[in-house]
Each structure stands twice: as structure tokens, then as C-alpha cells.
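Below, each chain spelled out in residue letters.
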Amino acid sequence: MSCWETLADYGLRSLGIGERLLPRQDFTLCQQVVLIGSGMIWNIYFGVLSLLSGFFLATALALGKASKVTVLRKAAEWFIFLFRGSPLFIQFFFAYFLFLSLKSVSPVFDAFSSAWLGALIVLFFNTAAYSGEIFYGALLSVPRGDVEAADAYGFAGWPRFRRVIWPTMLRLAWPAYTNEAIFLFHATTLVFFSGFPAWQQRGDALYYANYFADKTFNPFIPYPILACFFILLTLGIIGVFGAINRALNRHLPQERRARLRIRPNLVR
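Residues numbered from 1 in each chain as written. Predicted model: local features only at pLDDT ≥ 70, side-chain atom pairs only at ≥ 80, totals over all residues. Heavy atoms only, no water.

Its identity as a non-glycine residue notwithstanding, Asp26 has a phi of 50 degrees, on the positive side. A positive phi angle, close to 60 degrees, is found at Gln201, a residue other than glycine. Examined against the element boundaries, Gln201 turns out to sit in the loop between helix 7 (157-187) and helix 8 (205-216). Given the relative accessible area of 25%, Gln201 is considered partly exposed. (Helix = DSSP H or I, 4+ residues; strand = E, 2+ residues; numbered from the N terminus. Buried < 20%, exposed > 50% of the residue type's maximum accessible area, 1.4 Å probe, protein only.)

If you want it as C-alpha cells, here you go:
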């Protein structure tokens, strides 16, 4: 089988398109690259959707934690503490068994035990909690002069937040938020490695890398391939977030523009 035939058979296998059976013997380098790359579709799916949806919840959590209303403040604080205080692996584990229990209550919860929805919800809550703390710190760091200038121009309430406070908060938080985005995409490898099963062997990149490592007893080929895919993904994230960072700081002099400094989280 040529590499082009392998790409046609396994390129979209993680989505259920193409050859159903995985190769059992005589594994080629092309098969490993294609199947691990196919699994990256799931990693990108989980990362993009949870990041986009978690961004808005994170903003709400930051505002809630800074609120003078005790109920809102305490709710935001405990939400952030719960998801930042427990390991993501354990969150996947408990969420899966919670959703399994809810399936017996109502058929509405059937989809929640599937990775495409259940794991996405866990990642959504997790990244919202971490990002909410980042945005809260940035919100407290908004220069008082900016707020006073907005008051002098007659801005108040929602217009002041939307046009002055929120853009400044994002500008201050963006370098740290970029690191959170990178970690989130890396954390998607825990989805099928934890409680959520891979239906019909349709897993993510780590699932296929682990499959080849088990079958060949040689982890030094599939895992470096997996690492290369994630390095390319990380470079793409840095490029996109760097462009947004430049847009957020375009009004500042060159020497005052914040530069992205990637600091990977070794332990979380």
C-alpha cells in the first residue's frame, strides 16, 4: 500500500470516514503519521470549541469575582477554586461517571457520555476557570487613569466596560491567556486517556500513538511523531494569538507593546 492510499484510507478515520479496521501488522511510518495526524482532528476540535466558549464564561467569572454582590462573587470564587484546585484527569473521570448516571434518569443525557460533548464540557469549564482568574487579575490591573478618562468623556456602565475596561483587560491578560490556550490544546490528549472511551477506536492523536506503541513495543517512533504534530499546532497558536496581541496593542508606542513570552506549565 502506497502512502497516498494510506492517506485516502486513514486520513479521516478518526471521524469514521475511510477504512474501519486499524492495521494489525507490518506498520509503516506513513501509517503512523497519517493515523496520528487523523487523531489530531479531535484535539483541534476540543481545543477550539472549549477555548472559544470558555472565553466568554471566563469574562463573566472575572466580572463576578470582582463584583460587589456577595452571591455573584462567592459563586465565581468557588467555581474557579473547584476547577483550578482539582486535576483535569480526575475531572474527566468523575464527569464521565456522572453523565453515565444521568443517562438512567433521562435519555436527554445520552450524548453527554460521549467524548464529543461530555469531554468538551469538562474542558470548557476547566479553561474558563483558569482564564477567569487570568482575566480577574488583569481587570484589577486596569490603570485607574483609563477609568477616570472614560468617566470624563461621559462613559458609564456597559459602554465604559465595552470600550475602555474590557479592551485594556484583554491587552494586559493576553500573554498569559496565550499560555493557557497552549496548555488547553495539550490537555486535550487526556480525553480518551481518561474516562471517556473511544467509540469504534476513533480516538485522538495520543490514542493512536499509544496504539502503535503497544503493537510495536517501540514508543520511540509514534510518540515523537505525536510531539511534532503538537509542536506545529503550538506554533500555529502562537502565530494566531501573536497577531491578536499586536492588534490589541496597535495604539501603543513600539517600546511599550507587550511581547508574548511563552512559559509552559510543567505542573498543573
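Picking up after the structure, the text goes on.
A few words now on the packing of helix 6 (residues 144-152) against helix 7. One way to put it is that helix 6 packs onto helix 7 with a least axis distance of 10 Å and a crossing angle of 165 degrees. Between helix 6 and helix 7, the angle falls in the class roughly antiparallel. Considering only the axes of helix 6 and helix 7, their crossing is right-handed. Residues Asp146, Val147, Ala150 and Asp151 of helix 6 lie in contact with helix 7, whose contacting residues are Arg160, Val164, Ile165 and Thr168. (Axes fitted to C-alpha atoms, helices over the stretch in contact; angles between N-to-C directions. Parallel < 35°, antiparallel > 145°, perpendicular 65-115°, else oblique. Left-handed = near helix turned anticlockwise from the far one by under 90°. Contact = heavy atoms within 4.5 Å.)

For Gln32, the position within the fold is in helix 2 (residues 29-65). Residue Gln32 is classed as buried on the basis of its relative accessible area of 5%. Sequence-distant contacts of Gln32, defined by excluding residues within four places in its chain, comprise Phe27, Phe212, Ile221, Pro222 and Ile225.

Two numbers describe how helix 2 lies on helix 3 (residues 70-85): the axes approach to 7 Å, and their chain directions differ by 125 degrees. Classified by the angle their axes make, helix 2 and helix 3 are oblique. Along this stretch, helix 2 crosses helix 3, giving a crossing that reads as left-handed. Contacts from Leu57, Leu61, Gly64 and Lys65 of helix 2 reach helix 3 at Leu72, Arg73, Ala76, Glu77, Phe79 and Ile80. Here the residues of the contact of helix 2 with helix 3 sort into 6 nonpolar, 1 polar and 3 charged. (Nonpolar A, V, L, I, M, F, W, Y, C, P; charged D, E, K, R; others polar.)

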